[in-house]
Amino acid sequence: MAHQVRAVVARAKGAPVSLETIIVPDPGPGEALVKIEACGVCHTDLHYREGGINDDFPFLLGHEAAGIVESVGEGVTDVAPGDFVILNWRAVCGQCRACRRGRPQYCFNTHNAKQKMTLLDGTELSPALGIGAFAEKTLVAAGQCTKVDPAASAAAVGLLGCGVMAGIGAAINTGNVGRGDSVAVIGCGGVGDAAVVGSRLAGAAKIIAVDIDDRKLQTAKKLGATHTVNSRDSDAVEAIRELTGGFGADVVIEAVGRPETYQQAFYGRDLAGTVVLVGVPTPEMKLELPLLDVFGRGGALKSSWYGDCLPSRDFPMLVDLYLQGRLDLDAFVTETIALDEVEKAFERMHGGDVLRSVVVL
Ligand code: APR
Ligand code: ZN
Ligand code: ZN
């Protein structure tokens with residue numbers, strides 16, 4: 001039996017999204033049907049709508065979500081109907097060269113549901129990041145569902161499905177921030193703020209937030225930044241060095257994705273320190289650095305994909321910390337909205353006051 005549900009669809013490049021009735025098949029082998037409770041509005045959804053990811057319109061948008069498993073297909077044993085789950089876009093395969101070497105957080109062969117969701121006329125939908133959760137129900141690979149404590153707020157913990165996990169993971173997984181470290185975070189949007197929160201969680205002694213917007217810096221401070229630098233008014237590298245005894249931070253997290261902010265991260269870090277790039281650059285961007293500095297400054301230059309998270313390891317742990325009051329995920333939920341308000345949320349995204357608008361169903 002197929003299900004007819006309401007969902008947010010991007011039909012054509014640049015056109016406003018529309019609320020449509022879509023058809024969601026019952027789960028086949030290895031698949032799960034999830035009743036969505038909440039889904040955050042992410043820049044990536046807007047990027048899909050603008051044709052910036054690929055041309056596979058129509059898209060079923062939404063991917064930072066939590067909900068309840070309604071049914072599962074043949075062979076599914078990790079989740080069962082009634083489970084409260086966070087959706088992820090890293091359903092690890094267990095077979096690829098990364099998985100086989102015990103590094104499933106890098107799985108190179110992640111998968112999604114095999115069956116397609118469609119419009120009423122049968123047109124196949126492309127779900128954003130293989131999820132598509134601005135919908136009353138969605139179909140995913142069972143491995144995309146991670147069971148967590150149902151006492152948590154779906155709007156808050158659903159955000160772990162993407163941007164917030166990317167930021168927290170950039171700090172705790174990729175950057176390996178530890179007790180007593182100094183950290184600088186360049187770019188304090190949702191991802192950078194999550195890196196601030198992750199650094200605090202990991203016991204960083206100093207957390208320097210860098211942005212060109214004072215409102216962003218205020219939010220970062222509320223979330224745990226110990227110092228703020230407006231890099232429009234002052235030189236970011238000098239300011240970071242000044243705040244770290246003249247040396248630079250142990251870990252600098254770049255959460256913008258631009259060559260000039262990467263350079264700031266590179267020179268704002270102490271000798272033998274770590275740079276983590278979690279901001280996503282665009283194809284035309286190029287980086288030029290003296291190779292001697294790359295060698296001479298030592299340390300590690302790393303990129304962080306999805307916060308190098310392993311959903312089965314990280315989601316339940318972070319939800320537990322949230323429930324203990326040690327990880328304020330509610331602070332990332334600026335507003336809750338209805339399914340038909342996604343377009344308005346896209347418009348507000350550029351205003352600078354919103355960390356996340358979250359659709360609650
Ligand atoms: N220097 C410092 N901060 C900057 C600069 C700059 N030159 N340019 C922009 N910023 C700040 C913005 O003011 C904003 O606070 O970077 C922040 C970016 O935040 P968002 O636009 O909200 O983006 P976010 O969702 O946090 O994602 C950041 O990570 O996952 C990637 O694709 C995502 O590349 C994006 C990045
Ligand atoms: Zn794999
Ligand atoms: Zn996202």
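Just so you know, these numbers come straight off a predicted model, no measurement behind them. (Residues numbered from 1 in each chain as written. Chains lettered and ligands numbered in written order. Predicted model: local features only at pLDDT ≥ 70, side-chain atom pairs only at ≥ 80, totals over all residues. Heavy atoms only, no water.)

1. Overview of the coordination of the zinc ion (ligand 3)
- Bound to the zinc ion (ligand 3) on the protein side are Cys42 (SG), His63 (NE2) and Cys162 (SG), at distances that span 2.1 to 2.2 Å.
- Of note, the donors binding the zinc ion (ligand 3) are all from one chain and are spaced C-x20-H-x98-C. Of the two residues, Cys42 sits in the loop between strand E3 (31-40) and helix H1 (43-49) while His63 sits in the loop between strand E4 (59-60) and strand E5 (64-72), which places them 21 residues apart along the sequence. Each of the two residues, Cys42 as well as His63, counts as buried. (Donors = N, O, S within 2.8 Å, 3.2 Å for Na, K, Ca; no water. Helix = DSSP H or I, 4+ residues; strand = E, 2+ residues; numbered from the N terminus. Buried < 20%, exposed > 50% of the residue type's maximum accessible area, 1.4 Å probe, protein only.)

2. Concerning the coordination of the zinc ion (ligand 2)
- Distances from the zinc ion (ligand 2) to its protein donors, Cys93 (SG), Cys96 (SG), Cys99 (SG) and Cys107 (SG), fall within 2.3 to 2.4 Å.
- What the four donor atoms of the zinc ion (ligand 2) show is an angle range of 104 to 118 degrees at the metal, which sorts the shape as tetrahedral.
- Counting along the primary sequence, the residues that act as donors to the zinc ion (ligand 2) give the motif C-x2-C-x2-C-x7-C. (Tetrahedral: all angles 85-135°; square planar, octahedral: opposite > 155°, others 65-115°.)

3. Details of the pairing of strand E18 (residues 357-360)
- Pairing of E3 with E18 involves three bridges; the strand directions are antiparallel. What sits directly across from Gly40, in E18, is Val358.
- For strand E17 (residues 335-337) and E18, the ladder comprises three bridges, and the chain directions are parallel. Its bridge partner lying in E18, Ile337 is registered against Val359.
- The handedness of the E17 to E18 crossover, carried by helix H11 (residues 342-349), is right-handed. (Pairing = 2+ DSSP bridges. Right-handed = clockwise from strand over helix to strand, strands pointing away.)

In short, the description is geometric, and any link to function would need to be established separately.
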